[in-house]
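# Residue-level structural notes
Here are the chains, one letter per residue:
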Amino acid sequence: MAVFVLLGKQLKLLRERAGLSQREFGALVGYGPDQISAMERGVRTPRPEFLIKADEILNASGMLVAVIPDVEEAMSRARTRHPEWYRDHAATEAEAEELHHYCNHVMHGLLQTEAHARVLFAKRRPFLSDETIEKRVADRLSRQQVFERWPAPVVSYILEEVVLDRPIGGPRVHADQLRRLLTLGDRQNVEIQVMPTKVEEHPNLDSAFNLLVPKGHAQVAYLEAQGHPQLITDREEVRKIADRYGIMRAMALSPMESRALIAQKLEEL
């Protein structure tokens, strides 16, 4: 929306006036450089708490704080940008009290850096237009605001080790992706565990899945294969998937061991 594009330009001008790079500014406000870049381009919505902090750091004299009501109004009027087939899950994910994910061959969307996501969409077949790629990347980044809301949801991941080994986008992009995992893993409400490739078998040698606890509702499961989504609400079927996930968490490396492995892979790049 136009208000976000204009606000992004203001942020960029203020940041550059302060002599800060996107990475330096991001470190001061608790965001990654990809997220700062997305906000400056108007494809990511800046949260009110971010604007308050940014106003102080950039010596904006209340300029950024003053637009908070306009930002909130624009957010309330904005229609979801997710594809039709994804909207129900996107809404559930945005308000879920718990989010648990098993990833067997690709990094989960909530974990991806902007550059990593752009490479994935650029490699899609059939090809996507540049405009569509940018829109898909923006949508993916906008979903990551789930990490910034309060009260914070309980979030966990089990990543197959191969997900950490495939250098999508090349060494630089891959290194930034591993750094993002380390940053997110530091959050109190986020646990990232790695399932080592040397583990001979576990209860889910099948497709990736998501388990969500929607606000005020029972746990559900979400699966997707070749672009075809499936939301599972049957309690017995959800229980079976949750049972597999629990066993896999016990078999995977602990969050501390997983962090050490990710850091080691980053050093070896």
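The structure under discussion appears in the preceding block.
The text that follows walks through the structure, step by step, so that each part is easy to find.

How each quantity is defined
- Residues numbered from 1 in each chain as written.
- Predicted model: local features only at pLDDT ≥ 70, side-chain atom pairs only at ≥ 80, totals over all residues.
- Heavy atoms only, no water.
- Core = buried A, V, L, I, M, F, W, Y, C linked by side-chain atoms within 4.5 Å.
- Buried < 20%, exposed > 50% of the residue type's maximum accessible area, 1.4 Å probe, protein only.
- Helix = DSSP H or I, 4+ residues; strand = E, 2+ residues; numbered from the N terminus.
- Contact = heavy atoms within 4.5 Å.
- Axes fitted to C-alpha atoms, helices over the stretch in contact; angles between N-to-C directions.
- Parallel < 35°, antiparallel > 145°, perpendicular 65-115°, else oblique.
- Left-handed = near helix turned anticlockwise from the far one by under 90°.
- Nonpolar A, V, L, I, M, F, W, Y, C, P; charged D, E, K, R; others polar.
- Salt bridge = Lys/Arg side-chain N within 4 Å of Asp/Glu carboxyl O.
- 1 Å grid on protein atoms, 1.4 Å probe; cavity = no way out; pocket = protein on both sides within 12 Å on 5 of 7 lines; lining within 4 Å.
- Points joined across faces, edges and corners; volume = space filled by probe spheres on them.
- Pairing = 2+ DSSP bridges.

### A short note on the nonpolar core
Core analysis: the biggest nonpolar cluster contains 27 residues, and Leu111, Phe147, Tyr157, Leu159, Leu181 and Ile262 have the highest contact counts within it. Contributing elements (two or more residues each) for this core: strand 1 (98-103), strand 2 (154-160), helix 10 (161-165), helix 11 (171-185), strand 3 (190-195), strand 5 (220-225) and helix 13 (255-267). With 5 residues, the single largest contributor to this core is helix 11. Apart from residues no more than four positions distant in its own chain, phenylalanine 147 is found in contact with Leu110, Leu111, Val155, Tyr157, Arg180, Leu184, Arg187 and Val190. In terms of nonpolar packing, the next biggest core, distinct from the first, is built from 20 residues, Leu11, Val29, Leu51 and Leu58 among them.

### So, the packing of helix 11 against helix 13
Direction vectors running N to C along helix 11 and helix 13 enclose 160 degrees, while the axes themselves pass 10 Å from each other. Here helix 13 runs roughly antiparallel to helix 11, going by the angle between their axes. Crossing handedness for the pair helix 11 and helix 13: left-handed. Where helix 11 approaches helix 13, its residues Ala175, Leu178, Arg179, Leu181 and Leu182 are matched on the opposing element by Arg259, Ile262, Ala263, Lys265 and Leu266. Among the residues making up the contact of helix 11 with helix 13, the classes are represented as 7 nonpolar, no polar and 3 charged.

### A few points about the pattern of salt bridges
In this structure the tally under the stated criterion is 15 salt bridges. As a salt-bridge pair, aspartate 176 and arginine 179 come within 2.7 Å of each other at their nearest N and O atoms. Here arginine 179 and aspartate 176 lie together in helix 11, a separation of 3 residues that amounts to about one turn. Taking the relative accessible area as the measure of exposure, arginine 179 reaches 39% and is therefore partly exposed. What you see here is one network of salt bridges that share partners, running through Arg41, Glu114, Arg118 and Glu134.

### What about empty space enclosed by the protein?
Across all of its chains, the model carries 1 cavity of 30 Å³ or more by this definition. If you go around the largest cavity, the residues you meet are His105, Val106, Met107, His116, Val163, Arg166 and Ile168. Class assignment for the residues of the lining of the largest cavity results in 4 nonpolar, 2 polar and 1 charged.

### Here's the deal with the environment of lysine 12
Within the fold, lysine 12 resides in helix 1 (residues 2-17). Note on lysine 12: relative accessible area 39%, which makes it partly exposed. For lysine 12 and glutamine 22, which are 10 residues apart along the polypeptide, the C-alpha to C-alpha distance reads 8.8 Å.

### Considering the sheet that holds strand 2
Strand order across the open sheet formed by 6 strands is 3-2-1-4-5-6, with mixed pairing between neighbours. The sheet is open, and its two borders are formed by strand 3 and strand 6 (228-232), each paired with just one other strand. Averaged over all adjacent pairs, the angle separating strand axes in this sheet is 15 degrees, with direction ignored. Sheet analysis places strand 4 (residues 209-213) next to strand 5, joined by 3 bridges and oriented antiparallel. Following the sheet pairing, asparagine 210 is matched in strand 5 by tyrosine 222.

### Details of the packing of helix 2 (residues 22-29) against helix 4 (residues 48-57)
One way to put it is that helix 2 packs onto helix 4 with a least axis distance of 10 Å and a crossing angle of 115 degrees. As helix 2 runs across helix 4, the sense of the crossing is right-handed. Contact with helix 2, carried on its side by Phe25, Leu28 and Val29, involves Phe50, Lys53, Ala54 and Ile57 of helix 4 and no other residues of that element. Within the contact of helix 2 with helix 4, the residues separate by chemical class into 6 nonpolar, no polar and 1 charged.

### A short note on the side chain of histidine 116
You can see histidine 116 is positioned in helix 8 (residues 114-122). On the basis of relative accessibility, which here comes to 2%, the residue histidine 116 falls in the buried class. Aside from chain neighbours lying at most four places away, what touches histidine 116 is Met107, Ile168, Val173 and Gln177.

Nothing here speaks to function; it is all geometry.
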